Amino acid sequence: MVIGGGLVGAASAWHLARAGNHVWLAEQASPGHGASGQNAGSLHFQIERRFLEREGGLGYEGEQTARLSRIAVEDWSSLETTMDIDLNIHMNGGLMVAHSAAEVELLEAKAAREQAMGLSVETIDAAEVQRRAPYLSPDILAANFMAAEGHADARIIAPTFTQAARSAGARIFTGTRITALRKHGGHFSATMESRGPAQAGGSSRPAKTETRRITAAKVLICSGIWSRQLAAMAGLHLPLFPAPLTMNVTQRRDPFLPYLIQHVGRRLSMKQASAGNVLIGGGWPSRMWRNEHEFDFTRPPALVAESLAGNLKAAVETMPGIVDFDLLRSWTGITAVTQDQLPVAGEFPAMPGLFCAAGGSAFTLGPTFARLVSRQILEQDRAEADALLSVASPARFESLNGFMGQ
Ligand SMILES: Cc1cc2nc3c(=O)[nH]c(=O)nc-3n(C[C@H](O)[C@H](O)[C@H](O)COP(=O)(O)OP(=O)(O)OC[C@H]3O[C@@H](n4cnc5c(N)ncnc54)[C@H](O)[C@@H]3O)c2cc1C
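Fair warning: this is a prediction, and the values are worked out from it, not measured in the lab. Positions within a chain are numbered from 1, following the residues in the order the chain's sequence is written. Whole-chain, interface and lining totals are the exception, using all residues; otherwise, since this is a predicted model, local features are given only for residues with pLDDT of at least 70 and side-chain atom pairs are given and counted only at 80 or more. The basis for every side-chain value is the complete set of non-hydrogen atoms in the structure, without hydrogens or water.

Engineer: Help me get a handle on the site of the ligand, residues and values and all.
Structural biologist: Any residue with a non-hydrogen atom lying within 4 Å of a molecule or strand is treated as near it. Near the ligand, the surroundings consist of 37 residues, among which E27, Q28, S36, A362 and T364 are the closest. Here a polar contact is taken to be a pair of N or O atoms separated by no more than 3.5 Å, where protein atoms must pair a possible hydrogen donor with a possible acceptor and residues adjacent in sequence count only if both atoms sit in side chains. At 2.7 Å, a side-chain N or O of E27 approaches an oxygen atom of the ligand. At a separation of 3.0 Å, a nitrogen atom of the ligand approaches a polar backbone atom of I178. Burial of the ligand by the surrounding chains reaches 96%, relative to a free accessible area of 1000 Å². Secondary structure elements are taken from DSSP: a helix is a run of H or I of four residues or more, a strand is a run of E of two residues or more, and numbering for both begins at the N terminus. Taken together, the elements giving at least two residues each to the shell around the ligand come down to α1 (7-18), β9 (176-184), β13 (241-252) and β17 (327-337). Looking at the shell around the ligand, its residues break down into 15 nonpolar, 20 polar and two charged. Shared between two domains, the shell around the ligand holds at least three residues of each, these being domain 1 (2-36 + 156-240 + 340-401) and domain 2 (90-150 + 241-337). Values of accessible area rely on a 1.4 Å probe in the Shrake-Rupley scheme; residue burial ignores everything except the protein chains shown. Nonpolar residues are Ala, Val, Leu, Ile, Met, Phe, Trp, Tyr, Cys and Pro. Charged residues are Asp, Glu, Lys and Arg, and all others, Gly as well, are polar. Domain delimitation follows an automatic or database domain assignment.

See the structure below:
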């Protein structure tokens with residue numbers, strides 16, 4: 001059973017179903033309702049700025065995520081052929097730019113690390129930046145270029161995987177929430193609450209809710225920021241925290257920007273979508289709404305004016321011409337992070353049969369998590385999948401789950 005119909009859940013259901021298994025996927029709303037439908041769509045395979053900010057970020061964490069990125073390049077490159085569908089994937093290259101001498105040093109160290117990890121990243125100087133991307137600021141001193149980077153349309157990926165999973169035989173339940181999850185002996189039982197169809201004729205009577213119990217031999221929690229709640233239903237800790245972020249999109253323009261643009265020292269990502277709009281993001285905070293005792297995941301976070309201004313300033317300083325583009329819309333979304341910023345993917349040692357895949361940059365790495373966790377669930381080349389996902393294993397929370405009696 002798969003809980004969550006974001007990119008990770010839908011892609012996992014597809015892998016599991018096409019391998020001939022009985023798969024149920026429950027999604028509380030509609031496919032892509034969570035972060036998968038709200039994100040920037042960047043396929044960023046260079047070591048992320050947020051790792052570079054951490055002490056030793058070029059060390060273990062950067063190295064391990066670079067290893068996953070190498071596999072993710074292959075996964076995204078082959079996705080449209082494997083699925084036989086157009087997913088609006090553009091992998092024309094990505095530039096991570098620097099404005100200061102210190103940032104250039106960081107780029108050089110990063111590229112050396114990435115090359116050692118088998119990622120093809122080069123450092124280009126200011127003249128070469130201008131030759132390749134004359135719309136970037138002449139103040140940019142250098143950039144790291146990676147030919148495989150790019151972007152995809154976040155709005156269509158989860159729905160497309162969901163449809164593919166359904167065609168492969170998975171049973172997909174949308175508008176269906178898991179409200180209880182327990183392990184009894186060798187199997188799991190879950191309570192599913194499905195909202196009935198809306199009453200016809202504008203009736204004010206609430207839609208009926210249907211409740212059913214299902215059992216499953218194995219369960220995959222891939223419920224984004226809600227994953228912590230699902231793990232708690234099973235009696236386990238999964239320390240994921242909400243990171244509320246900000247996104248912006250400009251009016252449409254003729255195609256001029258083939259690359260993904262990121263900044264090594266500032267929160268910035270820019271890309272031009274197929275329709276011509278430029279998406280501007282980069283991890284600027286928004287503000288979570290709160291209930292009496294906890295964060296409210298049901299409401300989109302509130303925009304923060306300083307984030308909006310800071311994000312657009314970084315964009316203009318990197319690509320001065322963008323100042324003439326009208327801003328069409330800004331929105332917010334919630335993604336999930338762990339304290340060590342690394343994703344969580346794999347089986348809980350404390351509860352065999354229970355798997356999770358959540359957190360991190362799971363748009364870029366989502367198809368890879370789905371493929372590798374599905375291999376763990378199916379016990380196919382398990383040792384290799386375990387080794388590749390070891391950096392993300394929920395085993396690192398065993399010190400917490402060791403206190404949790406079952
Ligand atoms: C603004 C923003 C920009 C981002 N930009 C990027 C980017 O450019 N590149 C990148 O790699 N990553 C990016 N991310 C992160 C990325 O979007 C997420 O890591 C990824 O989409 C997570 O996918 P998921 O399938 O794990 O979770 P989600 O997409 O959050 O899906 C979880 C699903 O579980 C469902 N669910 C929850 N509880 C239950 C329940 N009890 N029962 C049934 N269903 C349930 C939810 O409704 C939801 O649809 C960004 C995130 C945000 C918010």
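This is not the end of the story, as more comes after the structure.
Engineer: Can you explain the sheet that holds strand β12 (residues 219-221)? Please cite residues and give values.
Structural biologist: Paired strands are those between which DSSP finds at least two bridges. Read across the open sheet, the six strands follow the order β8-β2-β1-β12-β19-β18; overall the sheet is mixed. In this open sheet, the two edge strands, each paired with only one partner strand, are β8 (171-173) and β18 (344-347). Here strand β1 (residues 2-3) pairs with strand β2 (residues 24-26) via two bridges, running parallel. Directly across from V2, in β2, lies its bridge partner L25.

Engineer: Quick rundown of the sheet that holds strand β6 (residues 142-146)? Include the residues and the values.
Structural biologist: The strands making up a sheet are joined through hydrogen bonds of the backbone, oriented either antiparallel or parallel. Taken in spatial order, the eight strands of this open sheet run β5-β6-β4-β14-β15-β16-β13-β17, and their pairing is mixed. Bordering the open sheet on either side are β5 (121-125) and β17, each of which pairs with just one other strand. For this sheet, the mean inter-axis angle between neighbouring strands, taken without regard to orientation, is 20 degrees. Where strand β14 (residues 260-263) lies against strand β15 (residues 269-272), two bridges are found, and the strand directions are antiparallel. From the neighbouring strand, Q262 faces β15, where its bridge partner is S269. The contact criterion used throughout is that any non-hydrogen atoms of two residues lie within 4.5 Å. Lines fitted to C-alpha atoms define the axes, with helix axes restricted to the stretch in contact, and inter-axis angles between N-to-C directions lie between 0 and 180 degrees. The strands touched by helix α4 (residues 101-116) are β4 (94-98), β5, β6 and β14; relative to β5, the strand with the most contacts, the crossing angle is about 155 degrees.

Engineer: Report on unusual backbone geometry, specifying residues and quantitative values.
Structural biologist: Note: most peptide bonds trans; most residues except glycine with negative phi. In this structure, N88 takes a positive phi of about 60 degrees despite not being glycine. Counting through the fold element by element, N88 comes out in the loop between α3 (60-83) and β4. A positive phi angle is found at E379, which is not glycine, with a value near 55 degrees. By secondary structure assignment, the location of E379 is in the loop between α9 (366-378) and α10 (382-388). Throughout, exposure labels follow a simple rule: accessible area from a 1.4 Å probe, protein chains only, divided by the maximum for the residue type, with under 20% read as buried, over 50% as exposed, and the rest as partly exposed. A relative accessible area of 47% places E379 in the partly exposed class.

Engineer: Go over empty space enclosed by the protein with me, naming the residues and quoting the values.
Structural biologist: Whether a set of points on the 1 Å grid over the protein atoms alone is a cavity depends on a 1.4 Å probe fitting there but being unable to get out, while an open set qualifies as a pocket with protein on both sides within 12 Å along at least five of seven lines; lining residues are those with an atom within 4 Å of a point. Grid points are joined across faces, edges and corners, and a volume is the space filled by probe spheres set on the points. In this structure the tally under the stated criterion is one cavity of 30 Å³ or more. Here the largest cavity defines a volume of roughly 100 Å³. Taken together, 15 residues make up the lining of the largest cavity; nearest its centre are E48, F51, T65, S69 and L365. Elements with a minimum of two residues in the lining of the largest cavity: α2 (49-52) and α3. Considering each element in turn, the lining of the largest cavity owes the most residues, three residues, to α3. Its residues assigned to classes, the lining of the largest cavity comprises six nonpolar, seven polar and two charged.

Engineer: Tell me about the packing of α1 against α9, and name the residues and values.
Structural biologist: Relative orientation of the contacting elements α1 and α9 amounts to 45 degrees, with a least axis distance of 8 Å. The orientation of α1 relative to α9 falls into the category oblique. Relative to α9, the crossing made by α1 is right-handed. In this structure, α1 contributes L7, V8, A11, S12, H15 and L16 to the contact, and α9 contributes G366, P367, A370, R371, S374, I377 and L378. Throughout, the term roughly parallel applies to angles under 35 degrees, roughly antiparallel to angles over 145, roughly perpendicular to angles from 65 to 115, and oblique to all others. Take the far helix as the reference: if the near one is turned anticlockwise from it by less than a right angle, the crossing is left-handed, and if turned clockwise, right-handed.

Engineer: Report on the pairing of β4, specifying residues and quantitative values.
Structural biologist: Counting buried positions along β4 gives five out of five residues, so the element sits mostly inside the fold. Covered by surrounding structure in β4 are G94, M96 and A98 together with L95 and V97, the residues of both alternating faces. In this structure, β4 lies alongside β14, joined through four bridges in parallel fashion. Following the sheet pairing, V97 is matched in β14 by H263.

Engineer: Kindly report on α9, identifying the contributing residues and their values.
Structural biologist: For a helix, the expected span equals 1.5 Å multiplied by the residue count minus one. The end-to-end C-alpha separation of α9 is 18 Å, in line with the 18 Å expected for 13 residues at 1.5 Å each. Within α9, 11 of the 13 residues are buried, which leaves it mostly tucked inside the rest of the structure. Listed as buried for α9 are G366, P367, T368, F369, A370, L372, V373, S374, R375, Q376 and I377. Check the buried side of α9 and you find it contacts α1, α3, β12, β18, β19 (354-358) and α10. Downstream of α9 by one or two residues, E379 has phi in the positive range, about 55 degrees.

Engineer: How would you summarise the packing of aromatic side chains if you had to cite specific residues and measurements?
Structural biologist: Two rings from Phe, Tyr or Trp (for Trp, the six-membered ring) form a pair when their centres sit within 6.5 Å of each other. Planes less than 30 degrees apart are called stacked, planes more than 60 degrees apart edge-to-face, and all others tilted. Per the counting criterion, the structure on display carries seven aromatic pairs. Considering the side-chain rings of Y135 and F256, the 5.5 Å spacing of their centres and the 90 degrees angle between planes classify their relative orientation as edge-to-face. Here Y135 is found in the loop between α5 (126-132) and β6, whereas its partner F256 is found in the loop between β13 and β14, with 121 residues between them in sequence. Relative to Y259, the ring of F145 lies with its centre 5.7 Å away and its plane at 80 degrees, an arrangement referred to as edge-to-face. Taken together, the residues F145 in strand β6 and Y259 in the loop between β13 and β14 connect sequence positions 114 residues apart. You'll find F145 and Y259 in the same group, each marked buried. These aromatic residues form a ring-pair network of at least three members: Y135, F256 and F325. Put simply, a charge is over a ring when the Lys NZ or the Arg CZ is close to the ring centre, within 6 Å, and near the line of the ring normal, within 35 degrees. A cation sits over an aromatic face here: R171 above W24, 4.6 Å from the ring centre.

Limitation: the analysis is restricted to geometry and does not speak to function.
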